[in-house]
Amino acid sequence: MPVLNGKELRIVGFLCNWCSYGGADTAGVARATQPTDLRVIRVPCSGRIDPLFIVKALLNGADGVLVSGCHPRDCHYAAGNFYARRRLEVLKQFLPVLGIDERRFEYTWVSASEGQRWQQVVTVFTDRIHKLGPAPKLEDPEPLLKIADMALTSLRSLGTGQNAALADLKEAIKAKLPELDCVLGWQQGYDAAHTVPLFMKTPEDVDKLVWGPFNVNNPAVYLPSFKGKKVGIVVKGCDSRSVVELLQENLIRREDVTIFALPCEGTLDMARVNQDLGRYTKIDGVTYDEAGVTITADGKDHRFCMTDYAQGKCYGCTTPSAVLADTLLGQPVKVDGAPNTPPELALLDSMTLDERLAFWRGQMDRCLRCYACRNACPMCVCRDYCVSDSRDPHWMTQEDSAKEKLFFQTIHAMHLAGRCTGCGECQRACPVGIPILALRQQIARAVAQLFDGYQPGLNPDEVPPLLGYEVVEKNIHERDWK
């Protein structure tokens with residue numbers, strides 16, 4: 001019988017083989033009374049625990065998850081729990097954005113001789129879960145569909161970039177082209193209101209290069225496929241951060257990449273532009289002024305001001321100029337004020353946990369599971385071995401359920417922890433407009449808070465925080481189990 005009153009709940013415990021499992025055994029040998037709700041899974045080390053184990057357990061019906069390993073400095077493998085501490089703390093701050101109460105997950109350290117401490121930890125945690133009650137299920141709430149308020153003040157002037165030094169940029173590319181296998185950029189797509197990637201190999205190709213608010217793609221996604229070749233790339237500020245992150249992870253070599261850049265004045269949110277255009281037969285033309293564009297479709301004019309129709313990421317952008325470039329033309333852009341909360345994340349911040357769960361239920365019901373978000377992501381480089389397709393181990397089923405689709409999005413977000421540069425390609429590529437960028441933004445916010453404002457993609461020589469550790473973490477503190 002459990003020591004706590006009421007029905008048993010489902011609590012999963014991941015215990016390190018060398019310390020915490022021994023501590024639980026010590027408590028048992030001493031006949032220390034313990035709750036019986038916990039289902040123990042023994043693992044070699046707390047560093048072996050992928051945060052996705054915890055998310056999978058919580059999405060599949062666990063009411064709580066407890067992770068326990070060796071005390072810091074006592075790890076059997078020297079540093080496994082140091083790495084685990086950072087990953088688990090980021091996860092703890094990420095769970096609420098999914099609508100999961102962070103109190104349902106906890107991690108701690110118990111040695112093999114600390115039977116009394118184990119009894120205290122498991123009793124306090126089980127008591128906490130009983131007070132919270134059974135966990136809400138993703139399938140239970142009615143779908144909640146809300147859209148973010150995009151009425152934001154930008155940190156810089158947004159414009160259409162029509163005064164950019166495009167002619168000078170083309171000349172610079174042509175001068176460098178003989179030394180390169182290819183230069184990546186943008187060209188006009190099937191009409192004047194859309195662009196597609198451009199792979200420049202001849203001067204005639206360079207003449208097709210365009211620059212403006214329709215350059216929404218991030219060409220850095222193609223760089224790893226050119227590994228070993230000499231390649232150039234034209235970037236906006238956010239694109240350059242992706243290039244830096246690829247360099248940081250040794251996925252490309254600096255000596256193989258030539259970076260051309262112009263200051264970015266913002267790009268249009270094409271999902272909202274297309275929504276306002278409605279059904280049309282053809283685009284007759286696009287005219288530009290400094291504040292926006294006018295698209296003529298089937299003889300009817302539609303006006304889109306940059307301050308109203310920019311992508312959400314553009315309002316809080318602090319890197320309109322490339323952070324790393326070999327050829328940087330144009331004048332630096334002034335950025336005023338501190339970054340604000342991105343609109344998609346601000347929408348989730350305004351909700352309760354139950355509303356967030358209902359929100360993701362509604363959004364995941366719309367998800368096609370097409371993986372466009374994964375394929376467009378420049379930092380998602382393990383797509384050939386993606387866990388969404390893996391059968392050994394079999395992480396995911398092919399069920400068309402909101403739970404499986406949210407789990408995939410969580411996998412993608414967690415794999416980008418400390419690596420996502422916020423380019424927003426995942427959300428832009430989504431054919432049904434799910435605001436999945438908010439999941440990456442929440443992790444980026446947690447990483448910045450825990451690791452002194454760290455932002456990925458700014459310095460090619462920095463080590464991402466989840467690939468390292470400090471013996472004493474400045475912003476991660478031991479839990480009190482009284």
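Residues numbered from 1 in each chain as written. Predicted model: local features only at pLDDT ≥ 70, side-chain atom pairs only at ≥ 80, totals over all residues. Heavy atoms only, no water.

### Looking at the side chain of H412
Its location among the elements puts H412 in helix α14 (residues 402–415). Look past the residues within four positions of H412 in its chain and what remains in contact with it is C373, R374, C377, C380 and R440. (Helix = DSSP H or I, 4+ residues; strand = E, 2+ residues; numbered from the N terminus. Contact = heavy atoms within 4.5 Å.)

### Details of the packing of aromatic side chains
Any pair of aromatic rings gets described here by the distance separating the centres and the angle formed by the planes. Applying the stated rule across the entire model yields 15 aromatic pairs. What links up through ring pairs into an aromatic cluster is the set F14, F53, W395 and F407. The ring of Y21 carries R42 above its face, with NZ or CZ at 4.3 Å from the centroid. (Phe/Tyr/Trp six-rings, centres within 6.5 Å; stacked < 30°, edge-to-face > 60°. Lys NZ or Arg CZ within 6 Å of the ring centre and 35° of its normal.)

### A few points about the packing of helix α3 (residues 80–98) against helix α16 (residues 437–450)
As a packed pair, α3 and α16 sit with axes 9 Å apart at the nearest point and diverge in direction by 145°. The element α3 and its partner α16 pack so that their crossing is right-handed. On α16, the residues touching E89, V90, Q93, F94, V97 and L98 of α3 are L439, Q442, I443, A446, V447, Q449 and L450. The residue makeup of the contact of α3 with α16, split by class, is nine nonpolar, three polar and one charged. (Axes fitted to C-alpha atoms, helices over the stretch in contact; angles between N-to-C directions. Left-handed = near helix turned anticlockwise from the far one by under 90°. Nonpolar A, V, L, I, M, F, W, Y, C, P; charged D, E, K, R; others polar.)

### What about the sheet that holds strand β3 (residues 64–69)?
Remark on secondary structure: sheet strands pair via backbone hydrogen bonds, oriented parallel or antiparallel. Taken together, four strands build an open sheet; the order of strands is β2-β1-β3-β4 and the sheet is parallel. The open sheet is flanked by β2 (38–43) and β4 (105–109), the only strands paired with a single partner. Neighbour to neighbour, the strand axes of the sheet diverge by 20° on average, direction disregarded. Pairing of strand β1 (residues 11–16) with β2, which is carried by six bridges, proceeds in the parallel orientation. Considered in β2, the bridge of G13 is made with V40. (Pairing = 2+ DSSP bridges.)

### Some remarks on the nonpolar core
Counting residues in each nonpolar core, the largest one holds 63 residues, and the members touching the most others are I54, V65, F94 and F105. Sequence-distant contacts of F105, that is, excluding residues within four places in its chain, are made with I54, V65, V67, L88, L91, K92, L95, F125 and R128. Counting residues in hydrophobic clusters, the runner-up holds 21 residues, among them L184, V231, I233 and A261. (Core = buried A, V, L, I, M, F, W, Y, C linked by side-chain atoms within 4.5 Å. Buried < 20%, exposed > 50% of the residue type's maximum accessible area, 1.4 Å probe, protein only.)

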